[in-house]
Structures are given as C-alpha cells and as structure tokens.
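As a plain string of letters, each chain reads:
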There are 2 protein chains.
Amino acid sequence: MTTAPPSPRVLPHPTRDEIRLDSVLHALSDPVRLRIVSELADAEAALSCSRFDLPVTKSTTTHHFRVLRESGVIQQVYEGTAKMNGLRREDLDALFPGLLDALLVAARRQAARDAHA
Amino acid sequence: MTTAPPSPRVLPHPTRDEIRLDSVLHALSDPVRLRIVSELADAEAALSCSRFDLPVTKSTTTHHFRVLRESGVIQQVYEGTAKMNGLRREDLDALFPGLLDALLVAARRQAARDAHA
DNA sequence: CCCGTACTACGACGGCTATCGTACGAGTCC
DNA sequence: GGACTCGTACGATAGCCGTCGTAGTACGGG
C-alpha cells in the first residue's frame, strides 16, 4: 500500500548526550520501574519483558519499559517475538559516576527494610 | 480558649525509619527541588527559604520545600519569621550510603552539560 | 500599636501519568 | 495455513502534581 511500512522493529533510544538526570530520576521514582531495574541489575544479562513478575497488567508493563527506555536507563532490542532489556550501565556510569550503584544499593536496602516490616 | 492552640510553629518530619526511597527519588525528580538540594549542599549550613532564587512564585516554593521535608530530604525549623532549611545528610547517608553524594555529583554534571549547551 | 517581612493555607486549573481493557501485529511452531 | 505467544497501540479513567493568585497568620521593629 501507499502506507509507508516502517518496520517498527527498531526502537528509538536517546543518545548518551540526550540522557537527562531529571528524566532518569523520574523514571526511577516509580516503585515498579525501580524493581525492574533492580532485577535487571541482578541478572547481569538482558532479560525479556515477560521474565518479570510485576503486579500490573501487560499494558502497564509495556508502558513502564518504554519510560525506562526513553529516559535512557535501559536498552531494548527485539529478538524474535521477545524484547530483550538491558541496563545502559556504561552510559549511566559515564554520565553520572556512582549514581547507578548507589541507587541499586539503596533499592536493596529499602527492600530489606520492607521485608522486615 | 477552647480552641486547641496547636502552635503550628513546629513542623512534622518523618523519622529516619519512615523515609522511603521512592519518596526521596520522587522529591528529587523535580528540577526545582534538585536545585534547592544542590544549593543547600553547597552551603553546608541551614538557609532560609528566601535565600533561594527560584523561577517560581513563593507559593510554589513553599510547596517544593514541603515535598522535600515530607520525603525526609531536608529538615525545617522556624527561627523568628524565617524558616531555616538543612539537608538531612546523616539520615540519608545512614539509610542509603553514597546516594546523596552521587546525586549531588550527578546534578553538578548535568548543570555543567546544560551550561555548555 | 501599626506596619513590613516571611511564610502559609486554600482553592483552582491544566497537564501529566499509572492503570486498565480490548483489539491488533509480528514471529514461531506444528 | 492456523494457532499460540509476546508485545503494541489506542482510548478511557482516575488521581496526582506543579503552578498560580489571593487571603491570611506569625514574628519583629519602630
């Protein structure tokens, strides 16, 4: 058809220079997204979206992953039907040294406090 | 009078245990508030609200300071007509070691990038 | 006592956003 | 081709939030 058939199989990511601290913090200020990032960091490898057991529906999950991608926190690539997610650790460390690690430690501590409750 | 005379001169703060990472990150995800925290860290001493030159009205300023206080990021005490603000560095460092420093460095780097733009 | 300064309280408004359901497209496997 | 899985797009909804203006309170000084 006349309709341009733009294969939406490639996803837009911000370049390293386009990553903004405000956006990163906003992305991480949601409990669901913080949890995603924590699990991703523990995995040390790219995970498909469906590998996460989140307390929201699939629609909402898609939304959260997009927020993380558009803020530059994660990288997403299609692999067959699955979409693999990986932390953009290099970029984040280069831009904001120590921040990601501190955030991950903080998230772990908060989770521990919550468990003890 | 019969009216309980609750001197509103003392402000409610969360205890250290009540400080939540989600709330802290949310508080810091606003550019205005991040800027307040940066200036506060540079000052190394308590500052009155009016010491800040922010691009919002006084009403909004009050709002932002309240968010920071209620999330546990800053401490506020009245001193005459002024309200002095200080970072809760000890509490934050105890709860989330390294986080505040990493955030301050990140904020400084982001500001530098913005200036070069 | 009156005024000025510092900050607050309240209400309003517009915009963002987390959530969902449903309908759909892209790949894989039989 | 047909069915199944993974993920998307779109619309709707409800709640939160940043912003403001105005009116008001608390404190200190003349």
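Criteria and thresholds
- Residues numbered from 1 in each chain as written.
- Chains lettered and ligands numbered in written order.
- Predicted model: local features only at pLDDT ≥ 70, side-chain atom pairs only at ≥ 80, totals over all residues.
- Heavy atoms only, no water.
- Near = heavy atom within 4 Å.
- Polar contact = N/O pair within 3.5 Å; in protein donor to acceptor, adjacent residues only side chain to side chain.
- Helix = DSSP H or I, 4+ residues; strand = E, 2+ residues; numbered from the N terminus.
- Nonpolar A, V, L, I, M, F, W, Y, C, P; charged D, E, K, R; others polar.
- Least-squares fit on C-alpha atoms with pLDDT ≥ 70 in both.
- Contact = heavy atoms within 4.5 Å.
- Axes fitted to C-alpha atoms, helices over the stretch in contact; angles between N-to-C directions.
- Parallel < 35°, antiparallel > 145°, perpendicular 65-115°, else oblique.
- Left-handed = near helix turned anticlockwise from the far one by under 90°.
- UniProt positions renumbered as here; feature names shortened; annotations may be inferred.
- Phe/Tyr/Trp six-rings, centres within 6.5 Å; stacked < 30°, edge-to-face > 60°.
- Buried < 20%, exposed > 50% of the residue type's maximum accessible area, 1.4 Å probe, protein only.
- Buried area = accessible area lost by both parts, 1.4 Å probe.
- Salt bridge = Lys/Arg side-chain N within 4 Å of Asp/Glu carboxyl O.

Asks: An account of the protein's contact with DNA strand D is needed here, citing residue identities and associated values.
Replies: In the vicinity of DNA strand D, 23 residues are found, and the nearest of them are T62(A), K83(A), T57(B), H63(B) and H64(B). When atoms of DNA strand D within 4 Å of the protein are split into backbone and base, the sugar-phosphate part holds 75%. With respect to DNA strand D, the side chain of R66(A) contributes an N or O atom lying 3.4 Å from a phosphate oxygen. Between DNA strand D and R33(B), the relevant distance is 2.9 Å, taken from a phosphate oxygen to a side-chain nitrogen or oxygen of the residue. For the surface near DNA strand D, the secondary structure elements donating two or more residues are α3 (58-71) and β3 (82-87) of chain A together with α3 (58-71) of chain B. Residue composition of the surface near DNA strand D, by class: 4 nonpolar, 13 polar and 6 charged.

Asks: Give me the lowdown on the relation of the copies chain B and chain A, citing residues and values where you can.
Replies: Note: a rotation about an axis with an accompanying shift along it relates these two copies of the chain. Of the transformation superimposing chain B on chain A, the axial component is 0.0 Å and the angular component is 180 degrees, with the fit at an RMSD of 0.1 Å. Within this description, the copies of the chain are treated as partners about a two-fold rotation axis. Mapped onto chain A, 100% of the interface residues of chain B again fall at the interface, so both copies present the same surface.

Asks: I'd love a proper account of the protein's contact with DNA strand C, names of residues and values included.
Replies: By nearness alone, 23 residues border DNA strand C, and T57(A), S59(A), H63(A), H64(A) and K83(B) come closest of all. Atoms of DNA strand C within 4 Å of the protein: sugar and phosphate make up 75%, bases the balance. In the environment of DNA strand C, a phosphate oxygen lies 2.8 Å from a nitrogen or oxygen atom belonging to the side chain of H63(A). Contact distances for DNA strand C include 3.4 Å between a base nitrogen and a side-chain N or O atom of S59(B). Looking at the surface near DNA strand C, the elements with two or more residues in it are α3 of chain A together with α3 and β3 (82-87) of chain B. Across the surface near DNA strand C, the residue classes break down as 4 nonpolar, 13 polar and 6 charged.

Asks: Explain the packing of helix α5 (residues 99-116) of chain A against helix α5 (residues 99-116) of chain B to me, and be specific about the residues and the numbers.
Replies: It is the contact of α5(A) with α5(B), at a shortest axis distance of 9 Å, that shows an interaxial angle of 150 degrees. As far as their axial angle goes, α5(B) and α5(A) are roughly antiparallel. When you trace α5(A) past α5(B), the crossing you get is left-handed. Taking contact as the criterion, the partners of L99(A), A102(A), L103(A) and A106(A) in α5(A) are, on α5(B), L99(B), A102(B), L103(B) and A106(B). Of the residues assigned to the contact of α5(A) with α5(B), the class counts are 8 nonpolar, no polar and no charged.

Asks: Can you break down the UniProt feature "domain: HTH arsR-type" (unreviewed entry) in chain A residue by residue, with the values?
Replies: In the numbering used here, UniProt assigns the "domain: HTH arsR-type" (unreviewed entry) feature to residues 13-107 of chain A. This span, residues 13-107 of chain A, is 54% helix and 15% strand, and a straight line between its end C-alpha atoms measures 25 Å.

Asks: Account for the packing of aromatic side chains, with residues named and values stated.
Replies: Residue and element names in this part refer to chain A. Counted according to the given criterion, the structure contains 2 aromatic pairs over all chains. A ring pair is formed by F52 and F65, whose centres lie 5.5 Å apart and whose planes are at 65 degrees; its orientation type is edge-to-face. With a gap of 13 residues between them, F52 in the loop between β1 (47-48) and α3 and F65 in helix α3 connect regions that are remote in the sequence. The exposure class assigned to F52 is buried, which follows from its relative accessible area of 9%.

Asks: Break down the interface of chain B and chain A for me, with residues and values.
Replies: The interface is formed by 26 residues belonging to chain B together with 27 residues belonging to chain A. Here chain B meets chain A over a buried area of about 2100 Å², counting both sides, of which 60% is carbon and sulfur. With a closest N to O distance of 2.7 Å, D114(B) and R20(A) form a salt bridge. Among the secondary structure elements, those contributing two or more residues to the side of chain B that touches chain A are α1 (21-28), α2 (31-43), α4 (89-95) and α5 of chain B.

Asks: Any chance you could break down unusual backbone geometry for me, citing the residues and the numbers?
Replies: Residue and element names in this part refer to chain A. In this model, E44 sits at a positive phi of 65 degrees, which is unusual for a non-glycine residue. Tracing the backbone through its elements, the reader meets E44 in the loop between α2 (31-43) and β1. Residue classification places E44 among the exposed residues on the basis of a relative accessible area of 62%.

Asks: Tell me what's going on with the pattern of salt bridges, and back it up with residues and numbers.
Replies: This structure, assessed with the given rule, holds 14 salt bridges over all chains. For the salt bridge of R20(B) with D22(B), the shortest nitrogen-to-oxygen distance reads 3.7 Å. With a closest N to O distance of 3.7 Å, E39(B) and R35(B) form a salt bridge. With E39(B) and R35(B) both in helix α2 and 4 residues apart, the pair spans about one turn of that helix. Bridged by salt links that share partners, the residues R16(A), R88(A) and D91(A) form one connected network.

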